Amino acid sequence: MSTIGIKYLFHNHRIEKPRFRLKTVARNPPSLNYSLKPLRSGGSFCNFKSPFGARPLRAASSNTELLETKDVFFKETFILKRTEAVEGKISIRLDSGKNGENWQLTVGCNIPGSWVLHWGVSYIGDVGSEWDQPPPEMRPPGSIPIKDYAIETPLRKLSSSAPERDTLYEVTIDLSPNCEIAAIRFVLKDEENGAWHQHRARDFEVPLMDYLCKDDNTVEAKKGFGTWQGTLGKLSNMLLKAEDPKGQDSSSVSGDLNQQIRCISGFYEEHSIVKQVPVENSVNVSVKKCPETARNLLYLETDLIGDVVVHWGVCRDDNKTWEIPASPHPPETKQFKNKALQTLLQSKADGHGSWGSFTLDEEVEGFLFVLKLNENTWFRCMGNDFYIPLSDSGSLPAQSRQGQSEGWGKSERVASVPIQISGEAAGAYVVSHTAYTDGIINEIRNLVSDISSEKRQKTKTKEAQESILQEIEKLAAEAYSIFRSSAPTFSEDAILEAEALQPPAKLCSGTGSGFEILCQGFNWESNKSGRWYMELNEKVAELSSLGFTVVWLPPPTESVSPEGYMPRDLYNLNSSCRQPFWSCPTSKLDCGFHLTVLSCMELMPAKLYGSSDELRVLVESFHKAGMKVLGDVVLNHRCAHYQNQNGIWNIFGGRLNWDDRAIVADDPHFQWTLQVLGGSINMGRGNKSNGDNFHAAPNIDHSQDFVRKDIKEWLCWLSMAIKEIGYDGWRLDFVRGFWGGYVKDYMDATEPYFAVGEYWDSLSYTYGEMDHNQDAHRQRIVDWINATNGAAGAFDVTTKGILHSALERCEYWRLSDEKKKPPGVVGWWASRAVTFIENHDTGSTQGHWRFPGGKEMQGYAYILTHPGTPAVFYDHIFSHYRSEIASLIALRIRNKIHCRSVVQITKAERDVYAAIIDKKVAMKIGPGYYEPPNGPQKWKLSLEGKDYKIWETS
């Protein structure tokens, strides 16, 4: 792909040294490249603002009169949005300090932004990769403790008085030679967009001793500056002496071990980093009537930089069918496949964009066009072509009207240009669809009556009943798909009138339409700003334009843990964390067993995700954008407020002031145990648990009638759209802890649009290697779904685990079971399987089960083309994967792939997996070769990335 200079974007600012290059993310391959060219004179790099905002439009001097004349009958400005990827470097330097005694670790970044170093240390003798907090004297100014394991330190902006330095932002950590720190671990956080930057999808690790086991995320010496002295040097000698075996020459042993255990040297290293930044441009269109010829003169100008091509045609009626107009045509115009014309716009004299003028016959009704920036970046309007009416009687007034169009790439859906439709027109639209929708409704009713008839239930086989259920789901999915694709944008008055005339149909299956695409709208760190609801509200339109239909929000209730997964007062929705009033950096505030100690302390609230009012605003914004909202509810456990007479913390406060009957009898930490000779007797008043215990908080006894009644009332309260939040469904935390039949009771009471449970346990392994057959694992998940009577789906943990092993070990044969079906839950019960590759637990800063680094897009190529309901993690959406994920979502929508789509696995070998979905989409992942067979179907390559390809039928 050609590379163009960025000098137009920096026309007033010059620098001596390039520090990064811009790369616009696109589809195939995943970027439109800009490279920063060195300019002749020096200057401050801090003037990095011009590419982000839309520049005021300037008409060429010879055409200014067109915009100012009274004969203009149409004039409109469209905002064009896209992202560009800024490429830069993270620098890591370990060297001796100014005084030659202490050492210093300096971490820098050369991309403008609000950067924070999230870091911790490992002490000598620590096992594994756990973080600890460094001693206070080691923390730079401005550092903030994060729980008991990490520190966050902002990077400071270097002054312009040091032009020789290549980094713009950096932080320096002083290291004492006498400390007992073996390594420093960190990730870099961009607070502007919440993105976390790691090293090969893992934490950066800077070893201060060579005896540590090194892996791919270790950074170390490239240029030596000296040797670390002090405690670590002494430790090396101690280790050498301790390991000196009897009967061997000490000097020879020491010589051998010295190759493995020595003091680390200073070094300097750089690593690539990519940051997504929004870029706004605009296009202005004006039309006037020429009094001499009675022809229409259309003038188009834009501030897009580069060779901008207008792909255009005309139409003669409201059907907007493209035609090639009669000549004359503008200069630099060529015909495209006998269907349209392509005109290269002329550059403006001042270099601030380009323009073009078009002369059109009077009988032409409209001008149709799309803008092409390059082969991979097209700008459209509302997912359709731009349309400019050429009749002055039916067009808009001549004043400028602001619309929006987002270009994230060729096949991307874009935000809508505001369209005003009167109440009368809206009513006509509803009436015109009545007959068709009534037909679908009647078909569904007939099928429901068929399967519910007592007489027919006795005569029909189980297979026949399942077939009818599948048909009902398909009809519901078809109806919902038609609604989403065809509903126009109404004015507020029109929407209110339509709602008054005809209340919307309600789907109560808990599994949505079948065409859902789920976005996880947070990560493990989202609570730290205290204003996450407000931050996410700014991204609602963007998430909707990408094609997401459902968003999953974090737990809303007051919680002992800051992330919300240790709920306490369920009716307190101000998302506050109860922390000790004497809280200090060494306090244990994690989600582990230490929380049982915190329950007994005097507590004070600290706001996390935001207030209940901010949550209501956020949910309302998603609803206006056409998206459903899932609330994350923790039903398995709840933290207590008070101690009972035996000193056990199992008495609850707030509106749900339960006593210890609400806790399962066999919870070892929160029920009274009587010690007797030869053992102990559990004295709990609840019933025995019917699931796995969660040891960090009291496990709720759902067999108690009063507990189920209270939970159902609380869930109904949360789903109330008028008085409370208005959730449309649920993400259910840790459902392994209680029977799925209770979930059915809760789903029947709340009738969610969509519900999904987290049933996460270990896959099957033999001698440390994953078994090929994971039927036992997926059977446990399917059993739980079945216990809910199918009222809720479940995250397909089986598929995630198999993808891990297949991609990490290049064993793509694992992606087919013995019956040539997908090997996860999606292969058995696709309509209830929610597929994913990462979430706040497995990835983010927790990293409990991180997806193989660098292979994330192979995972998304799999789940976004296969049946099931795909879920995309927030961190991946707002990362350098954004463009590729957007392309895959657009392809899924375009081909109407749904949760029950049919998969034909065509290849599953060591280095390649390939499948055909619904006979419309072919895909392959892995480094091996595959091309779909050309027979009755002709295939064209639509998407391609690292080790994946997607084809569509032509």
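Worth saying up front: this structure is predicted, and the values here are computed from it rather than measured.

**Thoughts on the overall build of the chain**
Phase 1 of the analysis: Looking only at helices and strands, the chain features 19 helices and 45 strands.
Phase 2 of the analysis: Burial analysis of the chain (954 residues in total) assigns 53% to the buried set.
Phase 3 of the analysis: In the chain, 70% of the contacts between residues at least 6 apart in sequence involve partners at least 24 apart.
Phase 4 of the analysis: Carbon and sulfur atoms provide 50% of the accessible area of the chain, an area that totals close to 42200 Å².

**Comments concerning the sheet that holds strand E41 (residues 903–908)**
Phase 1 of the analysis: Pairing is antiparallel across the open sheet formed by five strands, whose spatial order is E41-E42-E43-E45-E44. Every interior strand has two partners, whereas the edge strands, E41 and strand E44 (939–945), have only one. Averaged over neighbouring strand pairs, the angle between their axes works out to 20° when direction is ignored.

**Some details on the pattern of salt bridges**
Phase 1 of the analysis: Evaluated as defined, the whole model comprises 37 salt bridges.
Phase 2 of the analysis: With a closest N to O distance of 2.7 Å, Asp361 and Arg295 form a salt bridge. Of the two residues, Asp361 sits in the loop between strand E20 (354–360) and strand E21 (366–374) while Arg295 sits in the loop between strand E14 (267–289) and strand E15 (296–302), which places them 66 residues apart along the sequence.
Phase 3 of the analysis: According to the relative accessible area criterion, Asp361 is buried, its value standing at 18%.
Phase 4 of the analysis: When the shortest N-O distance is used, the salt bridge between Lys624 and Glu620 registers 3.6 Å. Pair noted here: Lys624 and Glu620 are both in helix H12 (residues 612–624), with a separation of four residues, about one helical turn.
Phase 5 of the analysis: Judged by its relative accessible area of 70%, Lys624 is exposed.
Phase 6 of the analysis: Within the structure, one salt-bridge network assembled from shared partners comprises Asp632, Arg731, Asp733 and Glu758.

**Some words on the side chain of Arg708**
Phase 1 of the analysis: Topologically, Arg708 is positioned in helix H13 (residues 705–719).
Phase 2 of the analysis: Overall, Arg708 belongs to the buried group, its relative accessible area being 17%.

**Quick notes on the sheet that holds strand E35 (residues 754–757)**
Phase 1 of the analysis: One closed barrel holds the eight strands; their spatial order is E25-E26-E29-E34-E35-E38-E39-E40, and the pairing between them is parallel. Each strand axis lies, on average, 30° off the axis of its neighbour in the sheet, ignoring direction.
Phase 2 of the analysis: As paired strands, strand E26 (residues 550–552) and strand E29 (residues 628–633) are joined by three bridges and run parallel to one another. Bridge pairing links Val551 to Val629 in E29.
Phase 3 of the analysis: Helix-sheet contacts for helix H17 (residues 856–863) involve strand E39 (833–835) and strand E40 (869–873), and the interaxial angle to E40 is about 155°.

**Some thoughts on the packing of aromatic side chains**
Geometrically, a pair of aromatic rings is defined through the distance of the ring centres and the angle of the planes.
Phase 1 of the analysis: Overall, the coordinates contain 24 aromatic pairs when judged by the stated rule.
Phase 2 of the analysis: When the ring of Phe186 is compared with that of Phe204, the centres are 4.8 Å apart and the planes differ by 5°; the resulting orientation is stacked. In this pair, Phe186 sits in strand E11 (residues 181–190) while Phe204 sits in strand E13 (residues 204–207), placing the two residues 18 residues apart along the sequence.
Phase 3 of the analysis: The class of Phe186 is buried, set by a relative accessible area of 1%.
Phase 4 of the analysis: By relative accessible area, Phe204 is classed as buried at 1%.
Phase 5 of the analysis: Their ring planes at 10° and their centres at 4.7 Å tell us that Phe369 and Phe386 sit as a pair that is stacked.

**Remarks on H12**
Phase 1 of the analysis: Given a rise of 1.5 Å per residue, 13 residues ought to cover 18 Å, and the 18 Å separating the end C-alpha atoms of H12 matches this to within 8%.
Phase 2 of the analysis: Looking at H12, one finds that the buried residues are Ser612, Glu614, Leu615, Leu618, Val619, Ser621 and Phe622.
Phase 3 of the analysis: On its buried side, H12 packs onto helix H9 (532–537), helix H10 (540–546), E26 and E29.
Phase 4 of the analysis: Two residues or fewer past H12, Gly626 is found with a positive phi of approximately 85°.

**Here's the deal with helix H19 (residues 882–894)**
Phase 1 of the analysis: Taking 1.5 Å of rise per residue, 13 residues should cover 18 Å, and H19 covers 18 Å from first to last C-alpha, within 8% of that figure.
Phase 2 of the analysis: The element H19 is largely enclosed, with a buried count of eleven among its 13 residues.
Phase 3 of the analysis: The set of residues buried in H19 consists of Arg882, Ser883, Glu884, Ile885, Ala886, Ser887, Leu888, Ile889, Ala890, Leu891 and Arg892.
Phase 4 of the analysis: With its phi angle positive at about 55°, Lys896 sits one or two positions after the end of H19.

**As for the packing of H17 against H19**
Phase 1 of the analysis: Orientation of H17 relative to H19, taken along the N-to-C sense of each, is 10°, at an axis distance of 10 Å. With respect to their mutual orientation, H17 and H19 come out roughly parallel. The residues of H19 that touch H17, namely those facing Met857, Tyr860, Ala861 and Ile863, are Glu884, Ile885, Leu888 and Arg892.
Phase 2 of the analysis: Residues that form the contact of H17 with H19 fall into these classes: six nonpolar, no polar and two charged.

**Considerations on the nonpolar core**
Phase 1 of the analysis: Counting 117 residues, the largest nonpolar core has Phe548, Leu553, Phe622, Tyr860, Tyr913 and Ile925 as its most contacted members.
Phase 2 of the analysis: In terms of residue count, H13 provides more of this core than any other element does, six residues in total.

**Focus: the side chain of Thr77**
Phase 1 of the analysis: Note on placement: Thr77 falls in strand E4 (residues 72–96).
Phase 2 of the analysis: A distance of 3.0 Å separates a polar atom in the side chain of Thr77 from a polar atom in the side chain of Asn284.

**Points about the pairing of strand E16 (residues 309–315)**
Phase 1 of the analysis: The element E16 is extensively covered by neighbouring structure, given that seven of its seven residues are classed as buried.
Phase 2 of the analysis: The alternating pattern of E16 places Val309, His311, Gly313 and Cys315 and Val310, Trp312 and Val314 on opposite faces, both of which are buried.
Phase 3 of the analysis: Here four bridges tie E16 to strand E18 (residues 340–344), and the two strands are oriented antiparallel to one another. Its bridge partner being in E18, His311 is matched across the sheet by Gln342.
Phase 4 of the analysis: Bridge analysis of E16 against E21 gives seven bridges, and the strand direction is antiparallel. Among the inter-strand pairings, His311 is bridged to a residue of E21, identified as Val370.

**Regarding the environment of Tyr299**
Phase 1 of the analysis: Position of Tyr299 among the secondary structure elements: in strand E15.
Phase 2 of the analysis: A sequence separation of eleven residues divides Tyr299 from Lys288, and the C-alpha atoms of the two residues are 8.6 Å apart.
Phase 3 of the analysis: Within polar-contact distance, the side chain of Tyr299 engages the side chain of Glu301 at 3.5 Å.

**With respect to unusual backbone geometry**
Phase 1 of the analysis: Note the cis peptide between Ser327 and Pro328, where omega equals 10°.
Phase 2 of the analysis: Its location among the elements puts Pro328 in the loop between E16 and strand E17 (333–336).
Phase 3 of the analysis: Notably, Lys337 is not glycine yet its phi reads approximately 50°, a positive angle.
Phase 4 of the analysis: Relative to the helices and strands, Lys337 resides in the loop between E17 and E18.
Phase 5 of the analysis: By relative accessible area, which is 63% here, Lys337 ends up exposed.
Phase 6 of the analysis: In this structure, Cys810 is a non-glycine residue whose phi angle is positive, near 55°.
Phase 7 of the analysis: In this structure, Cys810 sits in the loop between helix H16 (797–808) and E39.

**Things to note about the environment of Tyr862**
Phase 1 of the analysis: Position of Tyr862 relative to the elements: it lies in helix H17.
Phase 2 of the analysis: For Tyr862 and Leu888, which are 26 residues apart along the polypeptide, the C-alpha to C-alpha distance reads 9.7 Å.
Phase 3 of the analysis: Not counting chain neighbours up to four residues away, the residues in contact with Tyr862 comprise Thr799, Leu803, Leu815, Pro822, Pro823, Tyr913, Met923 and Ile925.

Cut-offs applied
Residues numbered from 1 in each chain as written. Predicted model: local features only at pLDDT ≥ 70, side-chain atom pairs only at ≥ 80, totals over all residues. Heavy atoms only, no water. Helix = DSSP H or I, 4+ residues; strand = E, 2+ residues; numbered from the N terminus. Buried < 20%, exposed > 50% of the residue type's maximum accessible area, 1.4 Å probe, protein only. Contact = heavy atoms within 4.5 Å. Areas by Shrake-Rupley, 256 points an atom, 1.4 Å probe, with all protein chains shown as cover. Pairing = 2+ DSSP bridges. Axes fitted to C-alpha atoms, helices over the stretch in contact; angles between N-to-C directions. Salt bridge = Lys/Arg side-chain N within 4 Å of Asp/Glu carboxyl O. Phe/Tyr/Trp six-rings, centres within 6.5 Å; stacked < 30°, edge-to-face > 60°. Expected span 1.5 Å × (residues − 1). Parallel < 35°, antiparallel > 145°, perpendicular 65-115°, else oblique. Nonpolar A, V, L, I, M, F, W, Y, C, P; charged D, E, K, R; others polar. Core = buried A, V, L, I, M, F, W, Y, C linked by side-chain atoms within 4.5 Å. Polar contact = N/O pair within 3.5 Å; in protein donor to acceptor, adjacent residues only side chain to side chain.

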